[in-house]
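Geometric and topological summary
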Amino acid sequence: MVLSVLMTAPLLLITPWEADAASKLVDITIVNVIRRYRDSASFLKLCNDYRASKNCSAWEMDTELYELAMKKAAEIAVYTDENNLDGTNFLNSKTDNRGLMIGYGVTSGAVLLESFKSDSSYSSYLLSSAYKSVGIGSVEVDGIKYVCVLLSDKTATPVDDDVLTQINQRTSEQTKCYSGYLSDCTLNYTNDSQIVCDKEFPIRLRVHNQKFDDANVYISCDQMVLSSSDTSIFKPTGNGNLIGVNPGTAIITAQITGVPEINITVRMKAMPQTFADCTIAKIPDQIYSGSALTPGVTITKSTGVVLVAGKDYTLTYSNNIEVGTAEVKITGAGSYAGASTTQKFNIVNNPNAFSVTLKANEPAIEVGQSATLIAAFANGKEPVKYKFESAPQGSSVFGTVRSESTDSTCTFKPSSAGTYNLRVTATDADKKVATANMLFSVSTPISINLTLNSTNLTLGNKLTITSSATGGSSPYKYAYYVLEPGSTAYKAIASFGDLKSLNYEPKSVGTYQIRCDVKGSNDVVATVSKSFVVSSNTTPANPLVNNSTISAA
């Protein structure tokens, strides 16, 4: 949308307020202004090209008018009048013949010029010979473009080319303004706006333009005073800013000194901070002591500020006594209330202290099998005695596997499947005590069902082998082997994999044996085998006895 206003000369001083308006002048800053210097130069060229086509002399950009036009273009965002926002004349008082053209919501210079040309009054100004100098201000304020064209009959003081060709400049415009122009304003935050604690943020007045319905502009005001209904939640910083202190809700009030009719309130929520922008230092390894270990943590914000334990967070520890991996839960407090994260740390044996280790000769076994437990001490005085115990995983009740002895090995043969917590307690000659634990898996035996589609096969036909497994520790892997007639060693048909069915074609007559090995996830292997006979004709061979065997390896 393009909306343009033409002000004719001579200009009259128009003050829309009552006689006491002068006592209500306030200092404001239009905060989000972008000066578009090249757009100003481009629009001047468009105007002069049009004037040249009509045999009119070119306008020249005047230094004083140029700066006035830039300032006025920004002020248009607040209110459109032929005077400044403080009621003063924005043109040189010595200039008798002057004019003003305004563009709002400008999409391009060409469109704006066509808008000016389509109006009879505008056309006369565009082609008038009375004007020698011009100031063209082109700005963007809070996303909307404004153009102000100031015309004068005075001889121009030319603007330097490097000024006209400079890139866009983000700035702010300071001015004085009648408080009446601010009567229809709100704040830049609405009810229940959420602000993260410990972040300082500006409170601005959001002014609704009284002539352009969809134009709003954000300004700051030196005379604006902020207050909070609860300074433990939001606290004014004294420079038009607020800071969230602790999570909660408070009413923020904005007032302008000397202008009691402007009194704006908004309900705002201070939200807790999180640890997302923080760095939590790695906790060093802790030396086992037999007691709970509670190392502190160091939490540093991206700004370099170090959080304070007890004020910004609390710590809760778990698994922090025995050798292994411990955990500390960090729970936010104060402005971090509701935030939570965890940090792990290691508890290790003192390398110079008496210690013991525990391992097994097998990674896992089946019920009915046995494993050898092996203990070894360090930094102790011999003789060292060892006691072996076990408990189901998750239980704190240990049973004796073998009573105390100087033998550092022990046989473990459980009667049921499950995961066991194995523990060895070592005591040296000086009565120093050390313990070590390990988890050990015991499964039920693997049972294999091996099926051959025929035990009497005619040469030239294929044998179909099918297998399945239960028990043990799944998932399973299957391998297949064949013992050919006259051979003493099995030959691999398929190595361990997921194959549960396959075909095998014998190459000669005789008695064959198929073996299937099944390996559980704990690497325990079970074996089963079956025989079949291959003949050269259809005459059935002598019946065979099923010599299937199953063994664990």
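Numbers given to residues run from 1 along each chain, matching the order in which its sequence is written. Under the rules for a predicted model, residues below a pLDDT of 70 receive no local features and side-chain atom pairs below 80 are neither given nor counted, while totals for whole chains, interfaces and linings still include all residues. Excluding hydrogens and water, the side-chain values take into account all heavy atoms of the structure.

1. Description of the environment of G368
Stated precisely, the cut-off is as follows: Segments assigned H or I by DSSP are reported as helices when at least four residues long, segments assigned E as strands when at least two residues long, and all are numbered from the N terminus. Note on contacts: a residue pair qualifies if any of its non-hydrogen atoms lie within 4.5 Å across the two residues.
Within the element layout of this structure, G368 appears in the loop between strand 25 (364–366) and strand 26 (371–378). Non-local contacts of G368, meaning those with residues more than four positions away in its chain, are made with K413 and P414.

2. Notes on the sheet that holds strand 34 (residues 463–470)
Applicable threshold: Only strands joined by at least two bridges in the DSSP assignment are considered to pair. To get an axis, fit a line to the C-alpha atoms, keeping to the stretch in contact for a helix; angles then go from 0 to 180 degrees between the N-to-C directions.
Strand order across the open sheet formed by 3 strands is 32-34-37, with antiparallel pairing between neighbours. The open sheet terminates on both sides in strands that have one partner only, identified here as strand 32 (447–452) and strand 37 (501–504). Pairwise comparison of adjacent strand axes, ignoring direction, gives a mean angle of 20° for this sheet. Examined bridge by bridge, strand 32 and strand 34 share 6 bridges and lie antiparallel to one another. When the sheet's bridge partners are listed, N449 is paired in strand 34 with S468.

3. Notes on the layout of surface pockets
A water-sized probe rolled over the atoms picks out the places where empty space is left. We count it as follows: Residues are said to line a cavity or pocket when one of their atoms sits within 4 Å of a point; the points come from a 1 Å grid over protein atoms alone, cavities being sets where a 1.4 Å probe fits but cannot get out and pockets being open sets with protein on both sides within 12 Å along at least five of seven lines. Grid points are joined across faces, edges and corners, and a volume is the space filled by probe spheres set on the points. The classification used treats Ala, Val, Leu, Ile, Met, Phe, Trp, Tyr, Cys and Pro as nonpolar, Asp, Glu, Lys and Arg as charged, and all other residues, Gly among them, as polar.
Its boundaries defined by the atoms lining it, the largest pocket holds a volume of some 500 Å³. Counting residues per element, the ones that place at least two in the lining of the largest pocket are strand 22 (324–332), strand 24 (355–360), strand 30 (418–427) and strand 31 (433–443). Along the lines of polarity and charge, the residues of the lining of the largest pocket split into 10 nonpolar, 10 polar and 2 charged. Taken as a whole, the second largest pocket holds about 210 Å³ of empty space. In terms of lining residues, the second largest pocket is bounded by 16 residues, among which D198, Q273, K311, D312 and S335 are the most central. In the lining of the second largest pocket, the residues fall into 7 nonpolar, 5 polar and 4 charged.

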